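These are the residues of each chain, in order.
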Amino acid sequence: MGNGIAQACAVSGIQVVMVDISEAAVQKGLATVAGSLDRLIKKEKITAADKEQALARIKTSTSYDDLKGAQLVIEAATENYDLKVKILQQLDALLAPEVLIATNTSSISITQLGAVTRRADKFIGMHFFNPVPMMALVEIIRGLQTSDATHDAVKALSEKLGKSPITVKNAPGFVVNRILVPMINEAFYVLSEGTATAEDIDAGMKLGCNQPIGPLALADMIGLDVCLAVMEVYLKEFGDSKYRPCYLLREMVAAGRLGRKTGQGVYTY
């Protein structure tokens, strides 16, 4: 997600600093951006010159100190509350008071994350969808403390990136994932009960509901560990058994079959 966000910003003419935990990680991210831009060249969406200009706008770093000149910092770490809190508090201590901080979380409370900083009014959810360069939607999630000025600035930025933002109140899963991930979880129940094969479940949802990708293939793309983590957030926050993660989903995550990123999920890659 991080490299996709960096690409979207750079293509739109914005100077970007892309920070990750190691030099290998940032170089992998930069290579992913370059590969994505090459695919856009082949599709004649951009030119080779556009690619070079976009890459020139991306500076890579392993130090948060290089973010000091930023007007907005977007945190896009994995969906882990403790990790996000650690990162956000480090950013909050480093950045000037007027700098906005956004999180790309797909399920964690914006109000709760904002409260761990000293700038809750300048904290907001900016939830991109994968793959970021191709997907038009950005969910802009307001925490209880988020100011109108912060919301308006992030909405304007989303539009500058060529995205179509929607504004959402803080609630577990927000809008899209609140509906989507339980659907994926239900697909795992259908699979676990032997009602149909994975291929037929996905074919049924593609052909019957006009979805571009079936829910099980989508789970592999998202990451089964992410799907499980989101369902566990829903179960905890809502206290409703309808959000109980399917045991097959738990089993596959326990086995390390997380989807495309491990080469094995519902399908083999």
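Residues numbered from 1 in each chain as written. Predicted model: local features only at pLDDT ≥ 70, side-chain atom pairs only at ≥ 80, totals over all residues. Heavy atoms only, no water.

The chain is annotated in an unreviewed UniProt entry as 3-hydroxybutyryl-CoA dehydrogenase of Comamonas aquatica DA1877. In its Sequence similarities (unreviewed entry) section, UniProt records this for the chain: "Belongs to the 3-hydroxyacyl-CoA dehydrogenase family." (UniProt positions renumbered as here; feature names shortened; annotations may be inferred.)

Caption draft 1: Spatial organisation of the environment of methionine 183. Inspection of the secondary structure assignment puts methionine 183 in helix α7 (residues 176-192). Sequence-wise, methionine 183 and valine 85 are 98 residues apart; in three dimensions their C-alpha atoms are separated by 29 Å. The contact partners of methionine 183, leaving out residues within four places of it in the chain, are Met205, Gln211 and Pro215. (Helix = DSSP H or I, 4+ residues; strand = E, 2+ residues; numbered from the N terminus. Contact = heavy atoms within 4.5 Å.)

Caption draft 2: Focus on the UniProt feature "domain: 3-hydroxyacyl-CoA dehydrogenase C-terminal" (unreviewed entry) in the chain. The sites that UniProt annotates as "domain: 3-hydroxyacyl-CoA dehydrogenase C-terminal" (unreviewed entry) are residues 173-269. Helix makes up 62% of residues 173-269 and strand 0%, whereas the separation of the span's terminal C-alpha atoms amounts to 28 Å.

Caption draft 3: Fine view of the pattern of salt bridges. Scanning the model with the defined rule gives 9 salt bridges in all. Of the charged contacts, one joins arginine 119 and aspartate 92 as a salt bridge, the two residues approaching to 2.7 Å between their closest N and O atoms. In this pair, arginine 119 sits in the loop between α5 (110-115) and β5 (123-128) while aspartate 92 sits in helix α4 (residues 81-94), placing the two residues 27 residues apart along the sequence. Note on arginine 119: relative accessible area 4%, which makes it buried. Because the salt bridges share partners, they merge into one network encompassing Asp92, Arg118 and Arg119. (Salt bridge = Lys/Arg side-chain N within 4 Å of Asp/Glu carboxyl O. Buried < 20%, exposed > 50% of the residue type's maximum accessible area, 1.4 Å probe, protein only.)

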